[in-house]
Amino acid sequence: MPVGTELRAHRGALLHFRADPGAVADPASYEFFADGLLVVAAGRIKAMGPAPELLPGLPQDTRIISHGDNILMPGFVDTHVHYPQTDIIASGGGELLDWLKQYTFPTETTFADSLHARSVAEFFLDELLRNGTTTAMVFCTVHRGSVEEFFEAATARQLRMVAGKVLMDRNCPPQLRDTPQSGERDSRELIERWQNQGRLKYAITPRFAATSSEAQLQSAGRLAREFPECLIQSHLAENRAEVAWVRELFPQARSYLDVYDHYGLVRERAVYAHCLHLDAADRARMAQAGAAAAFCPSSNLQLGSGLFDLAAADGAGMRFAMGTDVGAGSSFSMLRTLAAAHQVAQLSQQSLPALRAFYLATLGGARALGLEGKVGSLAVGNEADFIVLDLKATPLIARRTAQAGSLAEKLLILMMLGDERAVSQTYILGQLQASGVAA
Ligand code: GUN
Ligand code: ZN
């Protein structure tokens, strides 16, 4: 699919972030133009700023697409999601370890069939686009073909995606087990085939400490050293029974994080989902290493895992961004995920201002994945993956946003009441992809 070289200018409200607004919503951290212009050509952002300033400088025949007062912003970045769990979203209750046994492992077994993997990958990616998520860090399954099919489907859509083959050699059904040797060989071959192929990046993916032997974690560490540009993804300190189990399996480790650290898996571009049951030393170590936590509030509520401690993360300077964690997470929608994050903060007598929430869902995610300068903001030179948020998506959203004064109020309404209906358009490399329900 060729990327259009023609100059196009999108006129509407523009919002993007340059830094984390923090708890006080620092006004220097973001740019907002109520009447803005986003100029795109050859898949990249050529200019952005106030429309009255930029319009006179454009060539006369420039196509101008008007979005009224709808908000254009960078596509969302989901830093933790499992595509093979699409078909178990909203399954039964129970906590993590039972849920893995009862729902997750059985559904992942079906990904031995590459045709099945391809059809789920296609559905999954289209669902992300419908929800305005243009980049994600994705778990595949233990099957090598599950990664090939995912990357093929992402290539067909020209998406910037990060994914990897699950490494898992114990404490799971025999059909889902690899070995330290086969896991390392498959990962290396996948890295050689896919890392930096088009817009794709590879993530070394030990599922979690409980399903990898010491030999396999060692092998993951070897890959991480051999391929420093690759990302790393895993799960960490999600559930109390899981934490106790990992303590039994690795009695010599100071903490759960220390297991990964021992094998060289805690570094920049490493993303650990959940990070609920950490201590101060763990958070300090995450911050020092430049590793990031994926905060997955809908999953944490769905599995009763616990409440992410935003204040402790901030106190330690620990980087974090948003993850849906589908299928434990109950929605593909980043807007609904931000609503859950806001409610989690409230339950801990903490706060998540709307501006900060949208930072975490865009530039914050890109930073966690080492993709700043490519996606996550509307900075000139970035890849033109952006979305249009409809302030009149539903009668209720229209009614509430009409009464809202400030940008922060409008954003809070969108995140508390919105879902894929509020994402009226999704653009990839400047090309319109999917029209939302409202279109
Ligand atoms: N821990 C290990 N595997 C998983 C998984 O698939 N989902 C979640 N939420 N936690 C995990
Ligand atoms: Zn997960």
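Going by the structure above, here's the rest.
Everything in this summary refers to the structure shown in the same document. (Residues numbered from 1 in each chain as written. Chains lettered and ligands numbered in written order. Predicted model: local features only at pLDDT ≥ 70, side-chain atom pairs only at ≥ 80, totals over all residues. Heavy atoms only, no water.)

Right, let's get into the pattern of salt bridges. Opposite charge on two side chains permits pairing when their charged atoms draw close. For the structure shown, the criterion picks out 30 salt bridges. Notably, a salt bridge pairs arginine 8 with glutamate 6, separated by 3.2 Å at the nearest N-O pair. Note on glutamate 6: relative accessible area 43%, which makes it partly exposed. As a salt-bridge pair, arginine 144 and glutamate 148 come within 3.6 Å of each other at their nearest N and O atoms. Separated by 4 residues within a single helix, arginine 144 and glutamate 148 lie in helix 4 (residues 144-156), roughly one turn from each other. Overall, arginine 144 belongs to the partly exposed group, its relative accessible area being 28%. It is possible to trace a salt-bridge network through shared partners that takes in Arg118, Glu122, Asp126, Glu149 and Arg157. (Salt bridge = Lys/Arg side-chain N within 4 Å of Asp/Glu carboxyl O. Buried < 20%, exposed > 50% of the residue type's maximum accessible area, 1.4 Å probe, protein only. Helix = DSSP H or I, 4+ residues; strand = E, 2+ residues; numbered from the N terminus.)

Here the zinc ion (ligand 2) is held by the protein donor atoms His80 (NE2), His82 (NE2), His235 (NE2) and Asp325 (OD), which lie 2.0 to 2.3 Å from it. Around the zinc ion (ligand 2), the 4 donor atoms sit at angles spanning 90 to 167°, and that spread fits a shape best called irregular. If you list the donors of the zinc ion (ligand 2) from N- to C-terminus, the spacing comes out as H-x1-H-x152-H-x89-D. Of this pair, histidine 80 sits in strand 5 (residues 76-82) while aspartate 325 sits in the loop between strand 13 (319-322) and helix 12 (334-347), and the two are 245 residues apart along the sequence. (Donors = N, O, S within 2.8 Å, 3.2 Å for Na, K, Ca; no water. Tetrahedral: all angles 85-135°; square planar, octahedral: opposite > 155°, others 65-115°.)

What is shown is where atoms sit, not what they do.
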